Every structure is written in C-alpha cells, then in structure tokens.
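Residue-level structural notes
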Amino acid sequence: MGDQEVVSAVVELTVPNGLHLTPISQIVSCASPFQASVTLGFDGKTADAKSIYDLMLLAAPCGAKLQVDARGTDAGPAIEAMKSLFCGGFIIAD
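Keep in mind that this is a model prediction, so the values were computed, not measured.

A few words on the packing of aromatic side chains. To describe a pair of aromatic rings, one takes the distance between the centres and the angle between the planes. Taken as a whole and assessed by the stated rule, the structure comprises 1 aromatic pair. Relative to Phe 90, the ring of Phe 86 has its centre 4.9 Å away and its plane inclined at 65 degrees; by these criteria the two rings are edge-to-face. As far as burial versus exposure is concerned, Phe 86 and Phe 90 are alike and both buried.

Set out below in structure tokens:
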C-alpha cells in the first residue's frame, strides 16, 4: 500500500444553525473530488466527509471546533480545500 500522506487541521463551524443539510452537502461536494479519505471529528465522533449520513450524525453546533484529517496522495490539497470552505463561511466561489 505504501506511505500515504496524512494532513490534519482544526476548523471552526461558523454556520449559524450548525452542521445541517446545506453545509453538509457543501462539505461532501468539497471532499468528493479528492482521492484522499477525509474525515471530520467532533465530540469524540468521526465522520466520513464524503458521506451525508455520517456528517449528519456529528450534530455539530455553530462554534464547534472540528478536527479535519485527510489521508492519501492528495491529502494536502484536500485539507486546503476544506479549510477554505470553513474559513469562507461556506460561500463557494465560482
């Protein structure tokens, strides 16, 4: 299997209603193009960032600090994309 790059970051959820369907769909859209596995962690739970169902189970409120981990050949770009999404307040630039 070989060495896989692992990159982590902590992001803050600033969406007023917390992690609900709209930001969840944006997270999935952001993570899906990458080959790296991307996970979000909150309150002792971990979710696959490419799974709407997993992310819904996190139930993270506004202000929550989330651990983002990416593992794979494009882990660095995946983390940067996730950080941009969270730092940009979930406004996706075209």
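Residues Leu 21, Ile 52 and Met 56 make up a contiguous nonpolar surface patch of about 290 Å² in total accessible area. The topology assignment puts Met 56 in helix α2 (residues 52-58). Given a relative accessible area of 49%, Met 56 falls into the partly exposed group.

Glancing now at helix α3 (residues 75-87). When the terminal C-alpha atoms of α3 are compared, their 18 Å separation across 13 residues agrees well with the 18 Å that a helix rising 1.5 Å per residue should span. With its phi angle positive at about 65 degrees, Gly 89 sits one or two positions after the end of α3.

Basis of the calculations
- One numbering rule holds for all chains: residues counted from 1, following each sequence as written.
- Residues qualify for local features only when their pLDDT is at least 70, as the model is predicted, and side-chain atom pairs are given and counted only at 80 or more; totals for whole chains, interfaces and linings, by contrast, use all residues.
- Side-chain numbers here rest on the full set of heavy atoms in the structure, without hydrogens or water.
- The aromatic pairing rule takes the rings of Phe, Tyr and Trp, using the six-membered ring of Trp, and pairs them if the centres are within 6.5 Å, calling planes under 30 degrees apart stacked, those over 60 edge-to-face and the rest tilted.
- Using a 1.4 Å probe on the protein chains alone, a residue whose accessible area is under 20% of its type maximum counts as buried, one over 50% counts as exposed, and one in between counts as partly exposed.
- Patch rule: a residue counts if its relative accessible area is over 30% and it has no salt bridge; like charges are joined within 9 Å, and nonpolar side chains (Val, Leu, Ile, Met, Phe, Trp, Tyr) within 5 Å.
- Accessibility throughout is a Shrake-Rupley quantity obtained with a 1.4 Å probe, and a residue counts as covered only by protein chains that appear here.
- A pair is scored as a salt bridge if a Lys or Arg side-chain nitrogen falls within 4 Å of a carboxyl oxygen belonging to Asp or Glu.
- Secondary structure counts use DSSP, requiring at least four H or I residues in a row for a helix and at least two E residues in a row for a strand, with both numbered from the N terminus.
- Expected span of a helix: the number of residues minus one, times 1.5 Å.

It is worth stressing that arrangement in space is one thing and function is another; only the former is reported here.
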